[in-house]
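Now for the letters of each chain:
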Amino acid sequence: MAAPKNAFKAALAEGRFQLGLWVALGSAYAAEILSTSGYDWLLIDGEHGPNDLPSMGAQIGALRHAPAHAMVRPPMGEAWLLKQLLDQGAQTFLIPMVESAAQAEALVRALRYPPHGIRGVGAGLGRASDFNRVPDYVTTANAEICLIVQVESRAGLAAIDEIAAVDGVDGVFIGPSDLAADMGHLGNPGAPEVLAAITHAFARIKAHGKARGIMTVSLAQAEVYRDLGADFMAIGTDVNCLVSAVDGLRRRFLGEAPATGSGGGY
Ligand SMILES: O=C(O)C(=O)C[C@H](O)[C@@H](O)CO
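All values derive from a computational prediction rather than experimental measurement. (Residues numbered from 1 in each chain as written. Predicted model: local features only at pLDDT ≥ 70, side-chain atom pairs only at ≥ 80, totals over all residues. Heavy atoms only, no water.)

### Some details on the side chain of Asn142
Phase 1 of the analysis: Among the secondary structure elements, Asn142 is positioned in the loop between α6 (137-140) and β5 (146-151).
Phase 2 of the analysis: Given a relative accessible area of 15%, Asn142 falls into the buried group.
Phase 3 of the analysis: Here Asn142 is in contact with Leu111, Arg112, Tyr113 and His116, once residues within four sequence places are set aside. (Helix = DSSP H or I, 4+ residues; strand = E, 2+ residues; numbered from the N terminus. Buried < 20%, exposed > 50% of the residue type's maximum accessible area, 1.4 Å probe, protein only. Contact = heavy atoms within 4.5 Å.)

So, in structure tokens, the structure goes:
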């Protein structure tokens, strides 16, 4: 009996587009509610959501047997935290603020057992091995790890080829909000200069045979990114959907005009 198959990683390898949703409420209950909404993946946001290891672990558990695959974003790509999240059962990681091949190589090693990495052996205590009920977990886990690195700065763009070329990086996710901020377009991820940078980045990622990822809360922008060749994309967040639904409900009942705009530029 082996480590669970990573359906998201397999889909990317087969070129099947994967539709996602950002999950930042920090609630396992909310994650479970969303897990059967038809999205291929849900991003458990430990960078901007009110999350810690226990809350991320609970959300990983809520998605364990769900149709939607759990993608986990830690606040930063620290090996000690990745080790804990791996043992909690996470198999797909989105690591923010990657700006060099050396950083990407260190992440590859942090997510794998020796001899291919430095992951400490202790999954027998965790959900990853079904609490030590999977006898072949440690010898099969490496193959089911999916590493997505975030490029979201000018420095990261300058190193996009070296980063995408790293063996063990399965995909590169462009963070439009932080990239826009670093490019001088804070709050305006749709700026033409940012779109041009994303277009270039996608071409380079594709040239290295890696998956292209991105997120937006604008359906119009999502069409643009899809046409650019996004292989996996989040098209909204649980927080925004909750706010717009409940605020809109009250306005409609009271006959008020709908809210204008889609909120800030993150
Ligand atoms: O830079 C970006 O854009 C991202 O990385 C996504 C944002 O962090 C997230 O806040 C979207 O809600």
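### Section: the packing of aromatic side chains
Phase 1 of the analysis: With the rule as written, the count across this model stands at six aromatic pairs.
Phase 2 of the analysis: Between the aromatic rings of Phe8 and Phe232, the centroid separation amounts to 5.6 Å while the plane-to-plane angle is 85 degrees, which identifies the pairing as edge-to-face. With a gap of 224 residues between them, Phe8 in helix α1 (residues 7-13) and Phe232 in strand β8 (residues 232-237) connect regions that are remote in the sequence.
Phase 3 of the analysis: With a relative accessible area of 1%, Phe8 lands in the buried category.
Phase 4 of the analysis: Taken together, a centroid distance of 5.9 Å and an interplanar angle of 75 degrees make the contact between Trp41 and Phe232 edge-to-face. Pair noted here: Trp41 is in strand β2 (residues 41-45) and Phe232 is in strand β8, with a separation of 191 residues, a long-range link. We note that Trp41, like Phe232, is buried.
Phase 5 of the analysis: Linked through ring pairs, Phe8, Trp22, Trp41, Phe173 and Phe232 together constitute an aromatic cluster.
Phase 6 of the analysis: Lying over the aromatic face of Phe17, Arg226 brings its terminal NZ or CZ to 3.7 Å of the ring centre. (Phe/Tyr/Trp six-rings, centres within 6.5 Å; stacked < 30°, edge-to-face > 60°. Lys NZ or Arg CZ within 6 Å of the ring centre and 35° of its normal.)

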